[in-house]
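Each chain is listed here by its residues.
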Amino acid sequence: MRIALKSSAYRPPRAPLAMAALAFSGGIWLAGSISRSPLQWGAAAFLSALCALLAVRKSDPRLANGCAILSVAFAGAFAFVEVAAPRVHVPPPELVSGSPVEVIGHVTNDGSFLNGGSPRERFDLQSESLQIAGHRFDVPFGIRATVFVSRQEHDPDHADTGGRFPALAYGDRVRFTARLRLPRNFGNPGAFDYEGYLRGIGITALASVKAENIRILPGESGTRFGFWRSRIRRSILNHINNAGLWSHEDAPLFAAMILGEDSLLLRNVKEEFQETGMYHLLVVSGMNVALLAFAVFWVARRLRAPDWLASLITIALSIFYAYVAGMGVPIQRAVLMLSLFLVARLLYRERAALNATGFAALVVLLLSPRALFEPGFQLTFLALLAISGISLLLLHRSSYRLRAALRHFDSTGYDLVLPARMAQLRLDLRLIISRIGKVLGATPAKWIVLGALSLAIALFELTLVSSITQAALVLPMRAYFHRAAIIGMPANALVLPLSGVMLNAGVAAIALSYISGFFARIAGFVAAVSLHWTLLALGWLSRLHISQWRIPDPNFALWMVAVVGVTLAFFAARRTRSLAVAGLALLFLSAGFAAVYDPAPHVVRNDLEVTAIDVGQGDSILVSSPEGRTMLVDAGGSIGPVRSEFDYGEDVVSPYLWWRGLKHLDVVVLTHAHGDHIGGMARIVQNFRPRELWLGMNPETPALDHLLQVAAANGVAVRKHVAGDELDWGGAHIRVLSPPADWRVKAQPRNDDSLSMLISFRNTRALLAGDVEKRMERFLATESPAADLLKVAHHGSATSTTEDLLRAVHPQYAVISDGYRNSFGHPRPQVLERLQSAHVRTYRTDLLGGVTFLLDGKTVEPELTRMR
């Protein structure tokens, strides 16, 4: 029995580089959790390495291995504290004081037109000199400039700046005058670390500038490396868009898939790929490198190039492709693994996929230790771990044996070196082929039988690898994208078989467009047909209700369940067949649990909670009743006619609600139809599917019509309320104070349209006043609006918060929702003076971030959401 167990266990090759990468990652994580100096971490690494050497000398392998692992871990910690912090300069305070600054610098990336309906361009630059009030600063730092262009004057190809945006390229020197500002995160838990993201790419200041203020200066700056990369990318993008290879709808997709240039993709297109778990097709990932490298190597061998030359050509072209595409973490990993694989192949060394994964991870982390904390790195290497550490081992025990049985099929001598069961299979297949051959002929019969079996094996392998990878990624997908990605497996099965054809035909079309337009269009047609099939399949899948399923942040228990599932599956795959199957089943069970289980939301019971969410210059308030029912009042949004791909509902409000563990809302309330209140509401309705939508009196606008359509599509009941309406809601009492029933709306939304509510719990009350101004405040003052907490109307504008209203409300606390250093000057000094004179303790989201108030029926207790 003991012999049988050993024979049934697959013995994978050892992977010391994978263990080294794991130890290095652990050290980086440790350094991120425990603050220590580089000297301390370096000393620990040195002493551990010395311990390992002494253990080797004493012939103690266990101690030597343990000390070596510790040494690598401490080296990772040293690298993190010494190397990971980006060496970037922060602009002096004088330059970000709000005064105009003359900037001279050179472009570090090309400007990209944002095809979101607004004439807006963006580019990054490195400053060379800055002048303000006669003072000059020569400290270089990165600036991200947003350029506004009038619709009539937008012309991306125009070279001068006479009112048009100049066609900028890497290295161009420019001069403009703008107000600089520091990047700032939204002050809510769960918010995206925008400051950290920009700092990681060397950007420490933001600027908004009109196109007519930009002047191109003589000369160039930057590196030759960046210069040629920019010119090559521009040439390729020009051929993608203007060589007649694809339609205007298809060209942006090929630009994204082949070069990673996604600036022309609309948000709804990206989200369709996200919903189906196929977003990796839209970015330059390791799959792109693998598919292109396979095609290059295959063509080189068909042209009878020697093995070493085919390998060299494949590696060289892969490095060139990575250079042009941007050298992101996924493509770095893929090129490193590919190079290791091909070199090992030439040296006839065992090609351990797990060891190659470890090698790639180790090199990436050595170059950029902070990459360990980036979602792209984690998702990439977790997927690779699932493939190389679980899937390939299971395939070795299953389909690889069948594939071996199909080799040298006509050789009966080969039967003798195979296991008995595989040899018997070959005999059975020959018998089947001979019988079918009597009808169809020997050769067609062989093609049909072996082809059908090969296809079945390929489908099995695709299904197994895809399902295991998706199972391993369920929890990270939930944490970073709040999607279960349940339909990722069928999506991959439908799309991946043609993805190689699509990508390689696309690359061939671009390459041929430099030589022959006729042959380029043929390759482009093949790529377009493959793309259209992909879009058809993804469009069908994205319409399924399950693809729209959004889920809140996982808690610690869910993380542990997922980690245990992946870990046990990883080790079980190396043991007996029965243990491997049990580990696989446990992986799928843990993934299903991580996808569907919803921890209890973070809702305060027995108190009335009012939280002003930081949405910049807008409003969004979460109200939780004493019985745990939830209401969202407004959802932020952009101001004015400028449209953007940024969605406040999806990108600001939803992450905070998911951080709170909320999956559904009971009620959403729109106070009035201005953009900074309604802008994010449609996405909130889609993501949280509330039972009811409350409205006041609003004119018909495109934004309101869209919101009502989304509400109807999601089964949300629409309720209209006016002054005098009262209702009990989850242990609290709500009285609507405005607008009056006879209120007449005009063609466009007005602040005085606002739906104002007084929410009471026992002896404590909160007045949510929307954006009402003086006229409506006079009406509110007659409606007995006394409250302990006042949501200051219209972001602290001088047109609101009159002395009459303050006397009628007599609040203890007030909260103002406004944007940091907003252009309106909110809150106005006179409003702050009125609040101070009335002895009202005032909180501001622009300075404090999100603010929560707990009303327990007797008192009001404020707290900052950043501290929760």
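Scoring rules and cut-offs
- Residues numbered from 1 in each chain as written.
- Predicted model: local features only at pLDDT ≥ 70, side-chain atom pairs only at ≥ 80, totals over all residues.
- Heavy atoms only, no water.
- Pairing = 2+ DSSP bridges.
- Helix = DSSP H or I, 4+ residues; strand = E, 2+ residues; numbered from the N terminus.
- Axes fitted to C-alpha atoms, helices over the stretch in contact; angles between N-to-C directions.
- Contact = heavy atoms within 4.5 Å.
- Patch = residues over 30% accessible without salt bridge, like charges linked within 9 Å, V, L, I, M, F, W, Y side chains within 5 Å.
- Areas by Shrake-Rupley, 256 points an atom, 1.4 Å probe, with all protein chains shown as cover.
- Salt bridge = Lys/Arg side-chain N within 4 Å of Asp/Glu carboxyl O.
- Lys, Arg positive; Asp, Glu negative; His and termini not counted.
- Charge placed at Lys NZ, Arg CZ, Asp CG, Glu CD.
- Buried < 20%, exposed > 50% of the residue type's maximum accessible area, 1.4 Å probe, protein only.
- Disulfide = S-S within 2.5 Å.
- Parallel < 35°, antiparallel > 145°, perpendicular 65-115°, else oblique.
- Left-handed = near helix turned anticlockwise from the far one by under 90°.

Q: Would you explain the sheet that holds strand β23 (residues 860-864) in this entry?
A: Two strands in a sheet stick together by hydrogen bonds in their backbones, pointing the same way (parallel) or opposite ways (antiparallel). Pairing is mixed across the open sheet formed by eight strands, whose spatial order is β14-β13-β12-β11-β10-β9-β22-β23. At either margin of the open sheet sits one strand with a lone partner, and together these are β14 (717-720) and β23. Neighbour to neighbour, the strand axes of the sheet diverge by 20 degrees on average, direction disregarded. Where strand β22 (residues 851-855) meets β23, five bridges bridge the pair, whose relative direction is antiparallel. Within the sheet, the bridge partner assigned to L854 lies in β23 and is E861. The strands that helix α24 (residues 702-713) touches are β13 (692-695) and β14; relative to β13, the one it contacts most, it runs at about 155 degrees.

Q: Help me understand a positive patch on the surface in this model?
A: Taken together, the side chains of K746, K774, R775 and R778 define a basic patch exposed on the protein surface. Positionally, R775 belongs in helix α25 (residues 774-781). Among the residues examined, R775 registers a relative accessible area of 52% and is labelled exposed.

Q: Before we go on, may I ask you to explain the state of the cysteines in this structure?
A: As used in these notes, a disulfide is a covalent bond between sulfur atoms, one from each of two cysteines. The final tally for this structure, using the stated rule, is one disulfide. For C51, the disulfide goes to C67, at an S-S distance of 2.2 Å. You can see C51 sitting in helix α3 (residues 38-57) and its partner C67 sitting in helix α4 (residues 61-84), a full 16 residues away along the chain. Of the residues examined, C67 reaches a relative accessible area of 7% and is grouped as buried.

Q: Please clarify how the packing of helix α21 (residues 648-659) against helix α23 (residues 681-688) should be interpreted in this entry.
A: Relative orientation of the contacting elements α21 and α23 amounts to 40 degrees, with a least axis distance of 9 Å. Viewed along their axes, α21 and α23 adopt a mutual orientation that is oblique. In this structure, α21 meets α23 at a crossing whose hand is right-handed. Counting all contacts with α21, which are made through G649, E650, V653, S654, L657 and W658, the residues of α23 involved are R683, I684, N687 and F688.

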